[in-house]
Each structure stands twice: as C-alpha cells, then as structure tokens.
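Here is what each chain is made of, one letter per residue.
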Amino acid sequence: MFAVHLLAFHFTKLKEDQIKKVDRYLYHMRLSDDVLLDVMARFQAEMVKGLGKDTNPTATVKMLPSFVRSLPDGSEKGDFLAVDLGGSQFRAHQVKVCDDGKQSSQLESKFYPTPKEVIQGNGTELFDYVADCLVDFMETQNLKHKKLPLGFTFSFPCKQTKLEEGVLLGWTKHFKVRGVQDTDVVSSLRKALQKHKDIDVDVLALVNDTVGTMMTCGYDDPRCEVGLIIGTGTNACYMEEMRHIDLVEGDEGRMCINTEWGAFGDDGALDDLRTEFDRELDLGSLNPGKQLFEKMISSLYLGELVRLILLKMTKEGLLFNGKVSTALLTKGKIEMKHVSAMEKYKEGLSNTKEILTELNLFPSEEDCIAVQHVCTIVSFRSANLCAAALAAILTRLRENKKLLRMRTTVGIDGGLYKTHPQYAKRLHKVVRRLVPNCDVRFLLSVSGSGKGAAMVTAVAYRLAAQRKQIDAALAPFLLSLETLREVKNKMRTELEYGLKRETQASATVKMLPTYVCGTPDGTEKGKFLALDLGGTNFRVLLVKIRSGRRRSVQMYNKIFAIPLEIMQGTGEELFDHIVQCIADFLEYMGIKGARLPLGFTFSFPCRQASIDKGTLVGWTKGFKATDCEGEDVVDMLREAIRRRNEFDLDIVAVVNDTVGTMMTCGYEDPNCEIGLIAGTGSNVCYMEDMKNIEIVEGNEGKMCINTEWGGFGDNGCIDNIRTKYDKEVDEGSLNPGKQRYEKMTSGMYLGEIVRQILIDLTKQGLLFRGQISESLRKRGIFETKFLSQIESDRLALLQVRRILQQLGLDSTCEDSIIVKEVCGAVSKRAAQLCGAGLAAIVEKKREDRGVEHLQITVGVDGTLYKLHPHFSRVLRETVKELAPQCDVTFMLSEDGSGKGAALITAVAKRLHNVGQK
C-alpha cells in the first residue's frame, strides 16, 4: 500500500514539476483577468473605430454591414437552397421551412471536398466547381425542375452594399484563389450558374458563416443576437443599432454587423501579447502580418503553434533529451485534432505518448506531461482571447439597450468549439467572469452555417412579402401633388359656397360670420375675464391689458376638468358646472364683486347674429350635452349665472378659439389676418371683405369668418382620398358622417387611425406576431401624443418599444419600425391635407387683393402643430408648394383662446365706444 502511495506522490510531484517548467517557459501566454479586461477595452475601441465613417478606413476590425436587418420570427416558410464555402469542406443544402404552427425546418445536405487546386487556383474554376456541385446536389434531391431561391454562405471578409452582393476584401484561412479579390462574388456565382441551362436558381443573399450561425440559432431561440465561429477561422457578428452604423444610410432598426475580428491587432495593437512563437507562425503563413488575432485563436494555427513551442523547447534541451525529429521540423505535422486528443481528460497522456511516438520523438513520462500542458496553455489562451472579444460585444449590446442586466443567446459553431474536450467549458466560464451582468446562453448551431444562409434567404423572402403588404396598406396615405391640388381646388369651391346666400345652407364649410370686425391697434386697455371651453379642460382667466409705451398683457388663470358625464350629460348641468368654476376663480382672485367685461371662447361651430350671440350648430370633439344644439350659448351662460345668483358679468363676445389665435398674433403682427388651429380639432378663420359675405348686411370693411372647415368633405367631395381606416374611425365616432376633414387632420383622431391600421396589419400577421392584444382592441388607447413621441427623430427604437410596452404592446425591433412608419404616414397626410386647405385660403386672399404676390401672417395654435416633430414643417412645405405666389409667415400664438378672447372683448369695447361717440 505504501509503495502505491509513494508512486502516486512521485507522479504528482513529477507532474507539478513539469507543469511549473512549462508555465515558466510560456509565462507570456498565460493571461490574467486584468489583461483580458484590457483586451476587451481595446476591442471595444476598435469596434467604435470600425463603425465610424471617417475612422473605418484605418480600422483593423472592419465591422462590415451584412444588410441582414431581421432575425427569424417563426413565420418563414418555403423551400430554399444554400451553399457553404469557406471551411475544410464545401456543402450544399436544401432547407424546408414550415410555418405549421409548430415552426420547424428540415435539412438535406451533401458534402463535397475542396481540392487544393480549386482553393488555390483561379476564380472561374472555383465558381464553376461550386455550380457543378450544386447541380449535382439538385439532381440527387430531384430539384432541377424547381425555381428556388439560394443563400450563399461565403466565409471570407466581403464589403456589402446590399444583401445580394459582396466584394471580396481578401482571402483568409488556407484559401488563395486568383482574380477574385475586389470583385463581386455573387455575380461570379451567378455567371457560373447561368452556364447550366437546366436549373433555375436565384441567388438572394450572401451571408458570412458567422451570420449564418446566428440566423440558424435565431430560428430556435429569438434571443439569439450574436453569432460566433471558432473553427478553422474565427469571427463574430451581432445585431447593432442602425444609428451607430455610419457606413449605411438610415437610423431605423438594427443590422447584423460582421466584425471580421480575425484582423484585430493587425495594426500592432496586440504586439505586447504576441509571443516569439506567434511571430514565427505568422512569418511562415500564407498571409504574413494579417489576421493576427485569428492566428492566436483558430484551429488552423493552434497545432502549428504547439509544434513551434515543442521545437524550441527540444532545441533548448527541455524535452526529448534535446533530440529533434524530422517530423517535428516539418510544418503542419501537429494539427488541431492532435492537440484535442492530447488534452482529453482520461486518455490524454496515453494519446500524447502515441502522437509523439508517431513523430519519432520517443517521449518520457515527463515529456508527455509537459507537452500536454503546452497544449493546454495554447488552447486556453485561445479561449481567453475569444472570451475577451466576445465580452466586448456583449457589453456593447447591453449598453445599446440601456440595460443594467441583459439576457441573451450566442449562437456558436466551429470544429474547435465542438470537438475540443475543454474549450467550450473554459470559454463559458471566462465570459461569465468578464461580464457578470450578462446572462449568456451558448447555443450550439446544429445545422451549421448553411442552414443559416437559407434562413437569411427565408427572412429576406418574408420581409419582401411583408414590405409589399405594408406598402399596400399605406399607399392610400401617400398623396401626390396632383391630388393635393385637387383638394385645394375643392376647398376653394366649398369656401365660396359657404359665403353665398343661396348655397350657404347646403355648404359643408359653413363660413360663419364672427362679427369681429377689426384686429388690435395697440390702444386696447383694461381688465377682462375670459372663459375657454373647447376640450376636456375648461379655463377661466383674468387678463390685464396695458396700452401705450408700457404696452403689455398680463394673465392669471385656473384650469378645471370637465368630467365625461358632464360633457355628455344635459346642457343645464354643463353650464352650471362652468358657472361653478367661474365662481371658484372669482373667489380665488378676490374679484367677486366686480362686473367685468367677458369674452367667451367657445370652440364649437356657432352661427352668430352679433358678436355676443352664438347659436350652437353642432357639438364636436366628444361633447354630447343635450338641449344645446340650436340654442344661444351666451343666453345659456347668462341663465346659469342667474340661477346661481352670486355675481354678474358683462358678456361682450362669444369667440371661436381660431379667431382668438388670429387676434393674439394680430396684437404682435398687424399682417396677421388668418388663424389656424391644428390640435385636438382643426379649423381656420380669416379676415374676409364684407362685400364677399352675402349672408351679412353691408359691404364696407372686413369681418372675420370662422370657416369651420372640419366639415369639408361631408358631402362626399373628398371620398376618393378617404381610406377604409378613415371610414372605420368615422363610423365608431360620436358623430358619424360629420367633420370628415377634421377626422383626417386633427389630433383627436390621428391616433385612432393609427390603431385601426395596426389592427389590420396584425391581422395580416405583419405585426406583434399576429396577436391582437387586449389593449390594442381599446378605442382611444393610441393617443396622438404617442405619435409625436414615436416620430421624434431623437428617439431610438428602444424608446419606441418602451412606449409600445406602456400601451401593452410587446413589440420587436421590426414591429417598432413598422409602427413608426405607420405613424409617419398618418401624420404626414394630415399635415399635407391641412396645408392644401390653407393654400386655398391664402390664394383666395391674394386674388381678392388683386396682387401678384401676397405677404401674409398666419397665427397658429394647437398641440399637433406645436409638439409633433414634423407636422409644422410638412404643413409649411405644402402651402409653399401649392401657393407659390404667397409668402406665408407662421407665427405661434401665445394662448389664443384665453388672451385672444380678452383682446376680442377689448377690441369690441373699443369699437363700441367709437361707435357711441
């Protein structure tokens, strides 16, 4: 028993001594975590360099855009071919992708050798060989009669400007084919395929093997957004935010970036880590000075590194009694398969002895232990370096998503990772140590990069089909210049109808006289009350106007909510609520006893017989209070004040918010003769010559006309541009068949139009995985403020996804792009239609004045105009395009419905006093 222990102790001591000897000898190859974190930081800096337009030309890590913009979503289906060139064998595949509710794929493959004369010959021979193999495969699978799309996995660095094109930057691994570099490999393959008249194959996608690996794994795990190859070569790809990729136009969505990390360090960035053995190996390679990172990692080089180390140790008398065999002197005699065999857990030492004996080295037990440890250090360094670069990619992904902790999957392939007994375990362990805030699943690619090329092709196929459907859904929202001119002309016709006595009754644009006959001249002064009713909130204001040199307007206001039950209750309840709010405000301001002149902003269509009489034509914007339509709202307000019997007010003017907007801007700019509201509702007013207003007596001077243009189209004149979504929104509204123009242009309805489109696209399986969530079914859930937020240029898609998540819509990156596009189409059309209407009015003003060129200011208010990132620009551009002889200045109104009401009251008082004198 003692003898056994003694023997075991001797062997352990012997092993320790040999390991220490090798550790000392290969000290530079053993990398601490600090060194790996430094490598990780260096690689992160190289990634940024590769993504930048100005820095990319000098970057070693080329960060090549792959034009793969989407991962599989499970809805792909069809038959696809794939060819895979780049490894030790050439492969042809047929992939059947099924969307039968279970999401499955079947793979048929055939392997072909890659003879040395082909992979080191000329380009025509190479691509002819690939085409011949594919034809043979199609014959075997009985596919020659079918027209099939093909994905081409080409595992070499290519510069792509689209998915189906790739210019070879340079050969790597053991390939050295003449006449291919700097040419498009897809067109070379197409030419070779065209020689075979009996097949019909369409090359749809060029894919790097790394991208193929990510796509294969992405089909099985939607979290997979990194692909990693550790085999004959090494490389990684990942999904990058488009806004960071300077080399490609556009900021929306993501694109897979093929890092080509094998060239990391080609600029000397890793020289402090490269050993004399790395340098010697590089000098003897096919491409000296290139792919230096790959030469420290991939299986093509690790066996040779081991040979060079053993050779030097033997020459220095540290192994095999200093005796060098011819085999040890021969390049390529130790391969990766030998290194893997030597590192096996139990049979490793006996394998080592066998392999060394085959190399005529006659090893002792100490030699076998030392050689095994050399293999361990070389392969462990490979896993460490690979882990450091992968950790840099994972950190970038996590930071892009602004997450403290991230769950993700890395799709992985390659002979070294698959066949080496310890490699995978070591890699996983080091990655988890370097990025503890990333929960990483490593998913082995079962079907290799060939299936991935078919998946890229399948995704491209799916996206092309989806694009067609999305374009078809949004096509009716794209208005040509000709259509917009038609809208302008129709609006002009309707404006004229509304002004004429015989057609006014049947006109859809009511052209209501406001009895506001002047704009401010700067002499207005005094204290005025203003009421503002026009949405879900009601405001009471005290406005102090000063004239002269110290001309100013001071305002004090209080906002009160109007509950839904009052908006849709009785008229009496509504006006009692309004008077209650006024009483609260007067008390709050301490002015309950004063009988102040009051302007009442009432933002609903009213027919006025004088400035202080307004008969409600019909409710809009969700109001439905009974016994109001056809009644004078000023009388209803006076009645409610009388019922309360607490205070008295001098109601001077009933005002539309649009008129108030014009007056507020008119106070600052005398050239302002038009008021526009683009908010919850949509409306315009303008100063019209009295001689054109047939429904009011008198021909002298001007009067402001409240167009109430929201009703434009209620007679069917714009039915040609109304979409099925507009009709659905109209039918579900409180006033079907009315305010049709407003329902296409105003904030109250745009979100609802978007919701209807999203439901339709989801039903077609184009959004939210075809699942209509409960929240999407709710009318009004998609408020217009979300359009403004989603369309903001500063907003990354990640934030769009968050907004959609708040709405209970679990969206992918692709969903977010589509939703943003839908919002853009709806809001752009709204702005264009609004611009077409406004162009009709400014053109009318120009013609009425009889001038060649008109200069005019439009006072504007409304949240849609103020807050939406593009609405105001599109509106202005449309007016300029449709009314080129009008120079229109847009002026933002400061509180048209409050300050404006007070100014109208002040102007009315001034004009009244002048009239009395």
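The text that follows walks through the structure, step by step, so that each part is easy to find. (Residues numbered from 1 in each chain as written. Predicted model: local features only at pLDDT ≥ 70, side-chain atom pairs only at ≥ 80, totals over all residues. Heavy atoms only, no water.)

1. Concerning the overall build of the protein
Formally: Only DSSP runs of H or I reaching four residues or more are called helices, and only runs of E reaching two or more are called strands; each is numbered from the N terminus. With the radius of gyration taken over C-alpha atoms, the globule rule is written as 2.2 Å times the number of residues to the power 0.38. For the exposure calls, accessible area comes from a 1.4 Å probe over protein chains only, and a residue counts as buried if that area is under 20% of its type's maximum, exposed if over 50%, partly exposed in between.
Secondary structure summary: the protein contains 31 helices and 26 strands in total. The globule rule puts the C-alpha radius of gyration for 917 residues at 29 Å, and the 38 Å found for the protein is more than 25% above it. Each principal axis of the C-alpha atoms in the protein carries an extent, and together these give about 125 × 70 × 50 Å. Counting only residues that meet the buried cut, the protein has 59% of its 917 residues in that class.

2. Re the sheet that holds strand 18 (residues 597–602)
What counts is decided by this rule: For two strands to be treated as a pair, DSSP must find at least two bridges joining them. Axis angles are defined between N-to-C directions and span 0 to 180 degrees, where every axis is a line fitted to C-alpha atoms and, for a helix, only to the segment in contact. In what follows, a contact means two residues having at least one pair of non-hydrogen atoms within 4.5 Å.
Spatial strand order, 17-16-15-18-21: 5 strands in an open sheet with mixed pairing. Among the strands making up the open sheet, the edge pair consists of strand 17 (552–561) and strand 21 (650–655). Each adjacent strand pair in this sheet contributes to an overall mean axis angle of 20°, direction not counted. Two elements, strand 18 and strand 21, share 5 bridges in a ladder whose sense is parallel. Note that in strand 21 the partner of Phe 600 across the bridge is Val 654. Running over the sheet, helix 22 (residues 657–668) touches strand 16 (537–546), strand 17, strand 18 and strand 21 and is turned about 100° from strand 21.

3. Side note on the state of the cysteines
Operational definition: The rule for a disulfide is simple: a pair of cysteine sulfur atoms within 2.5 Å.
Scanning the entire structure with this criterion turns up 0 disulfides. Residue Cys 517 stays outside any disulfide, its sulfur separated by 9.4 Å from that of Cys 704, the closest cysteine.

4. Some points on the side chain of Gln 739
Here is the rule: Residues adjacent in sequence count toward polar contacts only when both atoms are side-chain atoms; beyond that, a polar contact is any pair of N or O atoms within 3.5 Å, and within protein one must be able to donate a hydrogen and the other to accept it.
Structurally, Gln 739 is set in the loop between helix 23 (724–731) and helix 24 (742–745). Residue classification places Gln 739 among the buried positions, given a relative accessible area of 10%. Within the local environment of Gln 739, its side chain forms a polar contact with the backbone nitrogen of Gly 711, the two atoms lying 3.5 Å apart. Sequence-distant contacts of Gln 739, defined by excluding residues within four places in its chain, comprise Thr 620, Gly 710, Gly 711 and Asp 714.

5. Some thoughts on helix 15 (residues 423–434)
Given 3.6 residues to a turn, an α-helix orients residues that are three or four positions apart in the same direction. What counts here: Here, expected helix span is obtained from the residue count minus one, scaled by 1.5 Å.
For helix 15, spanning 12 residues, the distance from its first C-alpha to its last is 17 Å, which sits close to the expected 16 Å at 1.5 Å a residue. Within helix 15, the full set of buried residues consists of Tyr 423, Ala 424, Arg 426, Leu 427, His 428, Val 430, Val 431 and Leu 434.

6. Details of the packing of helix 23 against helix 25 (residues 747–763)
Packed helices, taken two at a time, are described by the angle their axes make and the gap between the axes. Applied cut-off: Under this scheme an angle from 65 to 115 degrees is roughly perpendicular, one under 35 degrees roughly parallel, and one over 145 degrees roughly antiparallel; angles in between are oblique. By definition, any crossing whose near helix is turned counterclockwise from its far helix by less than a right angle is left-handed, and any crossing with a clockwise turn is right-handed. Each residue is assigned to one of three groups, with Ala, Val, Leu, Ile, Met, Phe, Trp, Tyr, Cys and Pro labelled nonpolar, Asp, Glu, Lys and Arg labelled charged, and all others, Gly among them, labelled polar.
Interaxial distance between helix 23 and helix 25 falls to 9 Å at its minimum, and their mutual angle equals 120°. Comparing their axes, helix 25 and helix 23 come out oblique. Here the hand of the crossing between helix 23 and helix 25 comes out right-handed. Between helix 23 and helix 25, the residues in contact are Lys 724, Tyr 725, Asp 726, Glu 728 and Val 729 and Tyr 749, Glu 752, Ile 753, Gln 756, Ile 757 and Asp 760, respectively. Of the residues that constitute the contact of helix 23 with helix 25, the class distribution is 5 nonpolar, 1 polar and 5 charged.

7. Some words on unusual backbone geometry
Of note, the phi angle at Asn 142 is positive, near 55°, even though the residue is not glycine. Despite not being glycine, Gln 739 has its phi angle at roughly 55°, a positive value.

8. Observations regarding the sheet that holds strand 11 (residues 254–258)
Spatially, 6 strands are ordered 1-11-10-9-12-13 in an open sheet, and the strand pairing comes out mixed. Of all the strands in the sheet, just strand 1 (64–65) and strand 13 (438–444) have a single pairing partner and so form its edges. As paired elements, strand 1 and strand 11 share 2 bridges and run antiparallel to each other. Paired with Pro 65 across the bridge in strand 11 is Ile 257. Relative to the sheet, helix 15 contacts strand 9 (224–230), strand 12 (406–413) and strand 13, its axis offset from that of strand 13 by approximately 160°.

9. Some thoughts on empty space enclosed by the protein
So the rule is basically this: Whether a set of points on the 1 Å grid over the protein atoms alone is a cavity depends on a 1.4 Å probe fitting there but being unable to get out, while an open set qualifies as a pocket with protein on both sides within 12 Å along at least five of seven lines; lining residues are those with an atom within 4 Å of a point. Grid points are joined across faces, edges and corners, and a volume is the space filled by probe spheres set on the points.
Under the defined criterion, the tally for this structure stands at 4 cavities of 30 Å³ or more. In this structure, the largest cavity spans a volume of roughly 70 Å³. Broken down by secondary-structure element, the contributors of at least two residues to the lining of the largest cavity are strand 1 and strand 8 (200–207). Residues that form the lining of the largest cavity fall into these classes: 8 nonpolar, 4 polar and no charged. Volume-wise, the second largest cavity comes out at about 50 Å³. As for the second largest cavity, its lining consists of Thr 514, Phe 602, Phe 604, Cys 606, Gln 608, Val 654, Val 655, Asn 656 and Asn 706. Within the residue set of the lining of the second largest cavity, elements represented by two or more residues are strand 19 (606–610) and strand 21. Here the residues of the lining of the second largest cavity are counted per class, giving 5 nonpolar, 4 polar and no charged.

10. Quick notes on the nonpolar core
What counts is decided by this rule: What makes a nonpolar core is a set of buried Ala, Val, Leu, Ile, Met, Phe, Trp, Tyr and Cys residues whose side-chain atoms join them at distances within 4.5 Å.
With 113 residues, the main nonpolar core has Leu 228, Ile 230, Trp 261, Leu 394 and Leu 427 as its most contacted residues. The element contributing the most residues to this core is helix 13 (residues 365–400), with 19 residues. Each residue touching Leu 427, except ones within four places of it in the same chain, is listed here: Leu 228, Ile 230, Ala 383, Cys 386, Ala 387, Ile 412, Tyr 417 and Phe 442. Counting 84 residues, the second largest nonpolar core, distinct from the first, contains Ile 674, Ile 757, Cys 823 and Ala 839.

11. Examining the packing of aromatic side chains
Quick reminder of the rule: When the centres of two rings from Phe, Tyr and Trp lie within 6.5 Å, Trp using its six-membered ring, the rings pair. Their planes under 30 degrees apart give stacked, over 60 give edge-to-face, and anything left gives tilted.
Enumeration according to the criterion identifies 24 aromatic pairs in this entry. Between Phe 80 and Tyr 461 the ring centres are 5.7 Å apart and the planes differ by 90°, which places this aromatic pair in the edge-to-face class. With a gap of 381 residues between them, Phe 80 in strand 2 (residues 78–85) and Tyr 461 in helix 16 (residues 448–474) connect regions that are remote in the sequence. Plain terms: the ring middles of Phe 604 and Phe 623 are 5.0 Å apart, the flat faces sit at 65° to each other, and that makes the pair edge-to-face. Note that Phe 604 is positioned in the loop between strand 18 and strand 19 and Phe 623 in the loop between strand 20 (613–616) and helix 21 (633–644), a separation of 19 residues in sequence. Using a relative accessible area of 2% as the deciding quantity, one classes Phe 623 as buried.

12. Some details on the pairing of strand 24 (residues 702–706)
Counting buried positions along strand 24 gives 4 out of 5 residues, so the element sits mostly inside the fold. Inspection of the sheet shows strand 14 (residues 512–513) paired to strand 24 by 2 bridges, in the antiparallel sense. Across the sheet, the residue bridging to Leu 512 is Asn 706, located in strand 24. Of the pairings in the sheet, the one linking strand 23 (residues 682–689) to strand 24 comprises 5 bridges and is antiparallel in character. From the neighbouring strand, Tyr 686 faces strand 24, where its bridge partner is Ile 705.

13. What about a negative patch on the surface?
Here is the rule we go by: Like charges within 9 Å and nonpolar side chains (Val, Leu, Ile, Met, Phe, Trp, Tyr) within 5 Å are joined into patches, using only residues over 30% in relative accessible area that form no salt bridge. The method behind every accessible area is Shrake-Rupley, applied with a 1.4 Å probe, and residues are considered shielded solely by the protein chains displayed. Salt bridges, as used here, are contacts in which a Lys or Arg side-chain nitrogen is within 4 Å of a carboxyl oxygen on Asp or Glu. For this count, His and the chain ends are skipped, Lys and Arg are scored as positive, and Asp and Glu as negative. Lysine's charge is taken at NZ, arginine's at CZ, aspartate's at CG and glutamate's at CD.
Taken together, the side chains of Glu 565, Glu 572, Glu 573, Asp 627 and Glu 631 make up a negatively charged region of the molecular surface. Mapped onto the elements, Glu 572 comes out in helix 20 (residues 571–589).

14. Quick look at the side chain of Asn 384
Structurally, Asn 384 can be placed in helix 13. The residues touching Asn 384, leaving out its near neighbours within four places in the chain, are Leu 31, Leu 36 and Val 430.

15. With respect to the packing of helix 20 against helix 21
Two numbers describe how helix 20 lies on helix 21: the axes approach to 9 Å, and their chain directions differ by 65°. Considering only the axes of helix 20 and helix 21, their crossing is right-handed. From helix 20, Gly 571, Glu 572, Phe 575, Asp 576, Ile 578, Val 579, Gln 580, Ile 582 and Ala 583 reach across to helix 21, where they touch Val 633, Met 636, Leu 637, Ala 640, Ile 641, Arg 643 and Arg 644.

16. Focus on the pattern of salt bridges
Any two side chains of opposite charge can pair, given that their charged atoms come close. According to the stated counting rule, one finds 64 salt bridges in the structure shown. A salt bridge links Asp 38 to Arg 42, with the shortest nitrogen-to-oxygen separation between them at 2.6 Å. Of the two residues, Asp 38 and Arg 42 are both situated in helix 2 (residues 33–51); the distance of 4 residues between them amounts to about one turn of the helix. Note that Arg 501 is salt-bridged to Glu 697, the shortest N-O span being 3.9 Å. In this pair, Arg 501 sits in helix 18 (residues 501–504) while Glu 697 sits in the loop between strand 23 and strand 24, placing the two residues 196 residues apart along the sequence. In this structure, a network of salt bridges that share partners links the residues Asp 719, Arg 722, Asp 730, Arg 740 and Lys 743.

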